[in-house]
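# Per-entry structural report
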Amino acid sequence: MYPVFQKFNTALFVLFLGVGSCESAEEKTSQQEMAANNVPSSAGKPDGMTLFRQHCVICHGSDGNLGLNGAKHLSESVLPLEERINIITNGKNLMTPFRSQLNPEEIQAVAAYTLTLKK
Ligand code: HEC
């Protein structure tokens with residue numbers, strides 16, 4: 001009886017180790033991904049258009065006028081750059097804040113890109 005129990009225990013322990021190492025591997029990849037996402041594209045300067053396609057088109061559409069979730073038509077927005085940076089950083093109503101996803105430089109770049117959508 002006892003050896004069987006011991007074997008069972010070892011198996012559990014191995015399983016536990018396996019799960020543990022799997023988890024930390026996953027954590028590492030997602031950290032690496034996050035780091036990769038934070039690396040500004042193309043020689044230091046974050047690319048506003050790329051960031052917009054990655055983070056904003058789901059609600060605003062590629063031309064800024066999709067209007068999902070009540071998103072404002074960006075081609076009609078009259079907000080100055082500073083206000084856009086503020087909304088992108090802190091969110092507004094149904095728009096999610098981006099301060100934990102984008103660094104200030106990236107927010108500035110994507111805000112500047114939205115200005116180019118203006119008609
Ligand atoms: C979850 C959907 C969603 C996502 C994702 C999203 N937005 Fe918005 N956005 C909204 C909504 C909704 C509003 C309107 C907020 C309000 O005034 O009630 C808005 C408003 C704005 C405004 C202000 C327009 C104005 O004239 O009032 C700007 C600028 C803007 N978004 C830019 C962005 C940028 C840049 C991104 C990507 C980094 C982004 N949004 C991602 C939903 C979203």
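About the criteria used
Residues numbered from 1 in each chain as written. Predicted model: local features only at pLDDT ≥ 70, side-chain atom pairs only at ≥ 80, totals over all residues. Heavy atoms only, no water. Axes fitted to C-alpha atoms, helices over the stretch in contact; angles between N-to-C directions. Helix = DSSP H or I, 4+ residues; strand = E, 2+ residues; numbered from the N terminus. Parallel < 35°, antiparallel > 145°, perpendicular 65-115°, else oblique. Left-handed = near helix turned anticlockwise from the far one by under 90°. Contact = heavy atoms within 4.5 Å. Nonpolar A, V, L, I, M, F, W, Y, C, P; charged D, E, K, R; others polar. Donors = N, O, S within 2.8 Å, 3.2 Å for Na, K, Ca; no water. Tetrahedral: all angles 85-135°; square planar, octahedral: opposite > 155°, others 65-115°. Buried < 20%, exposed > 50% of the residue type's maximum accessible area, 1.4 Å probe, protein only. Near = heavy atom within 4 Å. Polar contact = N/O pair within 3.5 Å; in protein donor to acceptor, adjacent residues only side chain to side chain. 1 Å grid on protein atoms, 1.4 Å probe; cavity = no way out; pocket = protein on both sides within 12 Å on 5 of 7 lines; lining within 4 Å. Sits in = over half its atoms within 2 Å of the grid points. Phe/Tyr/Trp six-rings, centres within 6.5 Å; stacked < 30°, edge-to-face > 60°.

With that settled, consider the packing of helix α4 (residues 81–90) against helix α5 (residues 104–115). The interhelical angle for the contact between α4 and α5, taken along N-to-C directions, is 125 degrees, at an axis separation of 9 Å. On the basis of the axis angle, α4 is oblique to α5. Two packed elements cross with a definite hand, and for α4 against α5 that hand is right-handed. Judged by residue contacts, Leu81, Arg84, Ile85, Ile88 and Thr89 of α4 engage Ile107, Gln108, Val110, Ala111, Ala112, Thr114 and Leu115 from α5. Split into classes, the residues belonging to the contact of α4 with α5 amount to 8 nonpolar, 3 polar and 1 charged.

Right, let's get into the coordination of the iron atom of the ligand. Within the first shell, the iron atom of the ligand binds the protein through His60 (NE2) and Met95 (SD), at distances of 1.9 to 2.1 Å. Considering all 6 donor atoms around the iron atom of the ligand, angles at the metal cover 86 to 180 degrees and the coordination shape is octahedral. Residue histidine 60 is found in helix α3 (residues 57–60), and its partner methionine 95 is found in the loop between α4 and α5; the two are separated by 35 residues along the sequence. When its relative accessible area of 11% is taken as the criterion, histidine 60 is described as buried. Note on methionine 95: relative accessible area 24%, which makes it partly exposed.

Our focus in this paragraph is the site of the ligand. Surrounding the ligand, one finds 22 residues, the nearest of these being Cys56, Cys59, His60, Ser77 and Met95. At 3.3 Å, a side-chain N or O of lysine 92 approaches an oxygen atom of the ligand. Contact distances for the ligand include 2.6 Å between an oxygen atom and a side-chain N or O atom of asparagine 93. More than half of the atoms of the ligand fall within 2 Å of the grid points belonging to the largest pocket. Among the elements of the structure, α3, α4 and α5 are those that each provide at least two residues to the shell around the ligand. Residue composition of the shell around the ligand, by class: 12 nonpolar, 7 polar and 3 charged.

Further remarks concern the packing of aromatic side chains. The relation between two aromatic rings is expressed through the spacing of the ring centres and the mutual angle of the planes. One pass over the structure, following the stated rule, counts 1 aromatic pair. Ring geometry for phenylalanine 52 versus tyrosine 113: centroids 5.3 Å apart, planes at 55 degrees, classification tilted. Taken together, the residues span a long stretch of sequence, with phenylalanine 52 in helix α2 (residues 48–55) and tyrosine 113 in helix α5 at a distance of 61 residues. The same class applies to phenylalanine 52 and to tyrosine 113, which are both buried.

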